[in-house]
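Structural features, examined
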Amino acid sequence: MQDTNTNFKRIEELLEDPKFANLTESDEIPEEILKEMSGEELTLLFVEKMIEDAGVEANDEIRAKLYNELNDFVLAKIVLSLPESVAAKVSEEGADVNAIIAEAGVDVSKITEEAMVEFREKFLAQQKEEA
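Residues numbered from 1 in each chain as written. Predicted model: local features only at pLDDT ≥ 70, side-chain atom pairs only at ≥ 80, totals over all residues. Heavy atoms only, no water.

Thoughts on the nonpolar core
To keep it simple, the criterion reads: Buried Ala, Val, Leu, Ile, Met, Phe, Trp, Tyr and Cys residues form a nonpolar core when they are joined through side-chain atoms within 4.5 Å. Accessibility here uses a 1.4 Å probe with only protein chains present; expressed as a share of the type maximum, an area under 20% marks a residue as buried, one over 50% as exposed, and anything in between as partly exposed. Secondary structure elements are defined from DSSP: runs of H or I of at least 4 residues count as helices, runs of E of at least 2 residues count as strands, and each element is numbered from the N terminus. Should any heavy atoms of two residues lie within 4.5 Å, those residues are considered in contact.
Counting 22 residues, the largest nonpolar core has Val47, Leu66, Leu70, Val74 and Phe119 as its most contacted members. Mapped onto this core, the elements with two or more residues apiece are helix H3 (39–54), helix H4 (60–81), helix H5 (84–90), helix H6 (97–104) and helix H7 (108–130). For this core, the element with the most residues is H4, which contributes 8 residues. In this view, Val74 contacts Thr112, Ala115 and Met116; residues no more than four positions away in its chain are not counted.

This is how it looks when you write it as structure tokens:
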């Protein structure tokens, strides 16, 4: 797994490609860029966009903090969606969390999407309050 800063640099490189020079901030990122990105890079891009939308000055510290908090928030939402008996297995030492979640049959994509939107809304509201 690459470190967070390396992936943020990769996102910057992808978005600075001349074929995307005409994109404005309000434009959607083209599918061809998104297809080149890993799940981790997509999460990093989500964090970068969230920082931008909040009008917060981006730096490596806030990027890493939000990235880690977002991942923790999403995982917590997934675990909370599991039946109690399955959720207990997640906290066992040496548990393969991904396998346990896969076996539980929960809609991880939907939960992840909803959790990311909720996290973003909370972050933006918090930044608005602090402004």
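Considerations on the packing of H4 against H7
Heads up, the condition is: Axis definition: a line fitted to C-alpha atoms, limited for helices to the stretch in contact. Angles are taken between N-to-C directions and run from 0 to 180 degrees. If an angle is under 35 degrees, it is roughly parallel; if it is over 145, roughly antiparallel; if it lies from 65 to 115, roughly perpendicular; otherwise it is oblique. Two helices crossing with the near one rotated counterclockwise from the far one by less than a right angle form a left-handed crossing, whereas a clockwise rotation gives a right-handed crossing. Each residue is assigned to one class: nonpolar for Ala, Val, Leu, Ile, Met, Phe, Trp, Tyr, Cys and Pro, charged for Asp, Glu, Lys and Arg, and polar for all the others, Gly among them.
It is at 9 Å that the axes of H4 and H7 come closest, and there the two elements cross at 135°. One element, H4, and the other, H7, form an angle in the oblique class. Seen along the crossing, H4 lies across H7 with a hand that is right-handed. Contact with H4, carried on its side by Leu66, Glu69, Leu70, Phe73, Val74, Lys77, Ile78 and Ser81, involves Val108, Ile111, Thr112, Ala115, Met116, Glu118, Phe119, Lys122 and Phe123 of H7 and no other residues of that element. By residue class, the composition of the contact of H4 with H7 is 11 nonpolar, 2 polar and 4 charged.

Comments concerning the packing of aromatic side chains
Defined as follows: Put simply, two rings from Phe, Tyr or Trp (the six-membered ring, in Trp's case) pair if the centres are within 6.5 Å, and we call them stacked under 30 degrees between planes, edge-to-face over 60, tilted for the rest.
Summed over all chains, the structure comprises 1 aromatic pair. Between Phe73 and Phe119, the ring centres sit 5.6 Å apart and the planes meet at 55°, which makes this aromatic pair tilted. Placement of the pair is Phe73 in helix H4 and Phe119 in helix H7, with a sequence separation of 46 residues. Assessed through its relative accessible area of 18%, Phe73 is described here as buried.

By themselves, these observations are geometric and do not establish any function.
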